[in-house]
Amino acid sequence: MKEKFKKIAENLVDSMTLEEAASQIRYDSPAIERLGIPAYNWWGEGLHGLARAGTATVFPQAIALAAMFDKDTLNKIADVIATEARAKYNESTKLGDRDLYKNITMWSPNVNIFRDARWGRGQETYGEDPFLTSELGVAFIKGLQGDGEYMKAAGCAKHYAVHSGPEATRHGFDAKVSKKDIEETYTPAFEAAIKEADVAGVMGAYNRVNSEPACASKALIVERLRKRYGFDGYLVSDFLALMDFHLHHKVTANEVESAAMALKASCDVNAGFVYRSIMKAFEQGLVTEEEIRNAAKKAYEIRAALGMFSDDCEYDSLGLMDIDTDESDSLSYKASVNSVVMLKNDGILPLNKDEIKTIGVIGPTATSVDVLNGNYNGTSSRYVTNLEGVRDAVGEGTRVLYSEGCHLFEDKVQNLALNDDRLSEAEMVARASDVVILSVGLDSTIEGEEGDTGNAFAAGDKVSLFLPDSQRRLIERVLSVGTPVILVSNTGSAMDYTLEDERCNAILQCWYSGQRGGKALADILFGAASPSAKLPVTFYKDGTQPPMEDYSMKGRTYRYYKDRPLYPFGYGLTYTDFEYSDLSIDGNTVSIKVKNTGNFEADEIVEVYIDKEPAEKLANGLNNIPDNYLNPNNQPYVSLCGFDRVSLKPGEEKVVDITIPEKSFYTVFENGSRAILKGEYTVFIGGQQPDDRSKELTGKSCLSVKFNK
């Protein structure tokens, strides 16, 4: 933090009474009229667009943005979010509206690892890989905070640090996790956010980690976050998380003790109400005046860096006309197109609309706005649903028929007959059509956050990787007709589409696809754009994952999963072919020539993976290294270490240079320490990862090169 902002904060807080300073470490900080300080509510959301603050640009959900494998576009999206947040804040404060969500402290991004496909909030993340999550998190934070004299909006990396369900028990759950997994998987994105993006804030999680509440963990916060990473920003609790200390974790006796425990661990801002008891903690000798004032100063450094106490902030002129613009809409559309993953195509796509007389659009997500929004969303003025996208794309000579087919989730309707009351209509439409666009999926009432969802069975987590039974019956009924079927999936997570893969002609994973999701879908269906995205998560077969409560990485994500996945991490098809050649290395930089050998202009995502062979060789070759230091059976298969998106016209070729960061060569030992071992490393490069399933699905292999360290 710049010294001038520290000085502003110090002067302001030193001018306050202790009671006033204590009031400023609440998320709903009241005004201090005698000092001319207005009220400020810290709670702002900007996960994939300014959220919960009225009209704003709605981009595809975070997991969809991850599928783009595109740091530059994500950076631009975050800049739009900051612009709209700042504009809304400026306009709202002019009217005296200082309520929550209308501010410039965004509690985004979510850089947790999507380790279990059932986790309802996994849609908020950038997927299962710590390198991808780190790179995208840094890009997002930099875009959000800007590079001006003042911060445009303050980013906040959440939820620190070992947090990914179960949602139903998160308030009392104790995540037992090894030192290796903490270091190798659960914290790299937070370290990158601090060291590479200078993130303003970090939010603690609800659960305990190895018996310590995450929002007051000595190991995670004091030793790692503050001392080792050198984090100088503000730490905020998740909403009501400090209440869990005494109500669920049972590590304190009451609210006063919980307030003291959090403050002593340097939790600077309380999202919730426990810090309303901070003066009682002071009176009981549980906290000091210095600790209270230090927390207030940390909070005020952020407010000063945002220009709240200055009259020369370069963002003060932003206003209503900077929200929901044509430019931001175009960027949202681009993200929607570039986030669609084509999982299967037997050659039916792209459709030739001049040859199709009747298209059947069937399914409960075809007209849904909820599947465009995802969760933590704003409200767009420009929604295009899947059905609308198809209708708008076809010419006058093509008839579009529609049937809802079934309800999204049958348990919302008690009478089974009512659940299936549209099946016969769906069959009628399928029989009358030349091709069926079968639009299925979930929404945030089925997968989402505990407390925000209508899913009574798993509090936001999925009970399985299958679609709800009502939709599975619909799929079976439509497929039984024999009309070609293109399955369109709007979900925020991996699904088991084994049956659908066997019997559908094509499958498009569209995620929660943003305000122009329907137009993006139609443009891909009819060949106006080529799908280019890759999976940021593994698609498993149901029943092959460990228990959700098990936080060990064994058997999880592509790096440790030993079975054959349905669709691998990094996988995705296009309408063209790419040829890789002329692989070379110079230091840590790999160069590769990529040529579009097909007939469609398209983007290719070049992926680079590293196999840390020295760790296995060293562990297997030396008898004096115990398993509790270096276990050869507990090493990643391969790890993503670089990626780039390149646009190529038919016949065009480009040389792509990707530098592998030094951190990718680290081996993490069982005790949590890390080092770069001397020896030979194999690096693979291609449009996929180098696993057998990817080769089977694409018919392609990666090129490889050796590195010596």
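This text follows the structure it describes.
In this report, the structure presented in the accompanying data block is examined. (Residues numbered from 1 in each chain as written. Predicted model: local features only at pLDDT ≥ 70, side-chain atom pairs only at ≥ 80, totals over all residues. Heavy atoms only, no water.)

1. What to know about the overall build of the chain
Phase 1 of the analysis: Assigned secondary structure in the chain consists of 23 helices and 23 strands.
Phase 2 of the analysis: Taken over the C-alpha trace, the chain has a radius of gyration of 26 Å; the compact-globule value for 709 residues is 27 Å, and the two agree within 12%.
Phase 3 of the analysis: Along the longest, intermediate and shortest principal axes, the C-alpha atoms of the chain span 75 × 65 × 50 Å.
Phase 4 of the analysis: Among the 709 residues that make up the chain, the fraction classed as buried is 65%. (Helix = DSSP H or I, 4+ residues; strand = E, 2+ residues; numbered from the N terminus. Rg over C-alpha atoms; globule rule 2.2 N^0.38 Å. Buried < 20%, exposed > 50% of the residue type's maximum accessible area, 1.4 Å probe, protein only.)

2. With respect to the nonpolar core
Phase 1 of the analysis: The biggest cluster of nonpolar side chains holds 133 residues, and the ones touching the most others in it are Trp107 and Tyr275.
Phase 2 of the analysis: In terms of residue count, helix α4 (residues 71–94) provides more of this core than any other element does, nine residues in total.
Phase 3 of the analysis: Ignoring sequence-local partners within four residues, the contact set of tryptophan 107 consists of Tyr27, Trp42, Trp43, Gly44, Glu45, Cys156, Lys158, Met203, Tyr234, Val236 and Ala271.
Phase 4 of the analysis: Counting residues in hydrophobic clusters, the runner-up holds 80 residues, among them Val481, Ala506, Ile524 and Val537. (Core = buried A, V, L, I, M, F, W, Y, C linked by side-chain atoms within 4.5 Å. Contact = heavy atoms within 4.5 Å.)

3. Here we look at the pattern of salt bridges
Close approach of charged atoms allows side chains with opposite charge to pair.
Phase 1 of the analysis: Counted under the stated rule, the structure contains 52 salt bridges.
Phase 2 of the analysis: The partner of glutamate 191 in a salt bridge is arginine 674, with the nearest N and O atoms 3.2 Å apart. Of this pair, glutamate 191 sits in helix α7 (residues 188–195) while arginine 674 sits in strand β21 (residues 674–675), and the two are 483 residues apart along the sequence.
Phase 3 of the analysis: What makes glutamate 191 buried here is its relative accessible area of 9%.
Phase 4 of the analysis: In this structure, glutamate 301 engages lysine 298 in a salt bridge whose closest nitrogen and oxygen atoms are separated by 3.6 Å. Note that glutamate 301 and lysine 298 are positioned in helix α12 (residues 289–305) at a spacing of three residues, about one turn of the helix. With respect to burial, glutamate 301 and lysine 298 carry one shared label: buried.
Phase 5 of the analysis: Where salt bridges share partners, they join Arg121, Glu124, Glu167, Arg170, Glu449 and Glu450 into one cluster. (Salt bridge = Lys/Arg side-chain N within 4 Å of Asp/Glu carboxyl O.)

4. Points about the packing of helix α15 (residues 386–393) against helix α20 (residues 517–525)
Phase 1 of the analysis: Two elements in contact, α15 and α20, have axes whose closest approach is 7 Å; the angle formed by their N-to-C orientations is 50 degrees. By the angle between their axes, α15 is oblique relative to α20. Here α15 runs over α20; the crossing is right-handed. Of the residues in α20, those touching α15 at Asn386, Gly389, Val390 and Ala393 are Gly517, Gly518, Lys519, Leu521, Ala522 and Leu525. (Axes fitted to C-alpha atoms, helices over the stretch in contact; angles between N-to-C directions. Parallel < 35°, antiparallel > 145°, perpendicular 65-115°, else oblique. Left-handed = near helix turned anticlockwise from the far one by under 90°.)

5. What to know about the environment of glutamate 427
Phase 1 of the analysis: Tracing the backbone shows glutamate 427 in helix α17 (residues 423–432).
Phase 2 of the analysis: Once the C-alpha coordinates of glutamate 427 and threonine 133 are considered, the two residues, 294 residues apart in sequence, prove to be 43 Å apart.
Phase 3 of the analysis: Setting aside residues up to four positions removed in sequence, glutamate 427 forms contacts with Arg477 and Val481.

6. Regarding the environment of aspartate 147
Phase 1 of the analysis: Within the secondary structure, aspartate 147 is located in the loop between α5 (130–145) and β3 (156–160).
Phase 2 of the analysis: Given the relative accessible area of 76%, aspartate 147 is considered exposed.
Phase 3 of the analysis: A sequence separation of 516 residues divides aspartate 147 from lysine 663, and the C-alpha atoms of the two residues are 25 Å apart.

7. Thoughts on the packing of aromatic side chains
Phase 1 of the analysis: For the structure on display, the rule yields 28 aromatic pairs.
Phase 2 of the analysis: With centroids separated by 4.9 Å and ring planes inclined at 50 degrees, the aromatic side chains of tryptophan 42 and tyrosine 234 adopt a geometry described as tilted. With tryptophan 42 in the loop between β2 (40–41) and α3 (62–67) and tyrosine 234 in strand β8 (residues 234–236), the pair connects residues that are 192 residues apart, well separated along the chain. Each of the two residues, tryptophan 42 as well as tyrosine 234, counts as buried.
Phase 3 of the analysis: A cation sits over an aromatic face here: lysine 353 above phenylalanine 526, 5.8 Å from the ring centre.
Phase 4 of the analysis: Positioned over the ring face of phenylalanine 665 is lysine 709, at 4.4 Å from the centre of the ring. (Phe/Tyr/Trp six-rings, centres within 6.5 Å; stacked < 30°, edge-to-face > 60°. Lys NZ or Arg CZ within 6 Å of the ring centre and 35° of its normal.)

8. Concerning helix α10 (residues 255–264)
Phase 1 of the analysis: Val256, Ser258, Ala259, Ala260, Ala262 and Leu263 are the residues of α10 that are buried.
Phase 2 of the analysis: Those residues of α10 that are buried lie in contact with α9 (243–247), α11 (278–283) and α12.
Phase 3 of the analysis: Where α10 begins, one side-chain oxygen reaches toward the backbone nitrogen of valine 256, 3.2 Å away; that side chain belongs to asparagine 254.
Phase 4 of the analysis: Of the residues flanking the end of α10, it is serine 266, one or two places downstream, whose phi is positive at about 70 degrees. (Polar contact = N/O pair within 3.5 Å; in protein donor to acceptor, adjacent residues only side chain to side chain.)

9. Topic: unusual backbone geometry
Phase 1 of the analysis: Between serine 108 and the following residue, proline 109, the backbone shows a cis peptide bond with an omega angle of 10 degrees.
Phase 2 of the analysis: Here proline 109 is to be found in the loop between α4 and α5.
Phase 3 of the analysis: Backbone torsion omega between glycine 165 and proline 166 reads 0 degrees, so that peptide bond is classified as cis.
Phase 4 of the analysis: One can find proline 166 in the loop between β3 and β4 (174–175).
Phase 5 of the analysis: Phi is positive for serine 211, which is not a glycine, with a value near 85 degrees.
Phase 6 of the analysis: With respect to the helices and strands, the residue serine 211 is situated in the loop between β6 (208–209) and β7 (212–213).
Phase 7 of the analysis: With a relative accessible area of 37%, serine 211 lands in the partly exposed category.
Phase 8 of the analysis: Positive phi, normally seen in glycine, also occurs at serine 266, with a value near 70 degrees.

10. Focus on the sheet that holds strand β23 (residues 703–708)
Phase 1 of the analysis: With antiparallel pairing, four strands are arranged side by side in an open sheet as β18-β17-β22-β23. In this open sheet, the two strands that pair with only one neighbour each are β18 (639–648) and β23. Averaged over all adjacent pairs, the angle separating strand axes in this sheet is 20 degrees, with direction ignored.
Phase 2 of the analysis: The sheet contact formed by strand β17 (residues 602–611) and strand β22 (residues 680–686) spans five bridges and is antiparallel. Bridge pairing in β22 links glutamate 607 to glycine 686. (Pairing = 2+ DSSP bridges.)

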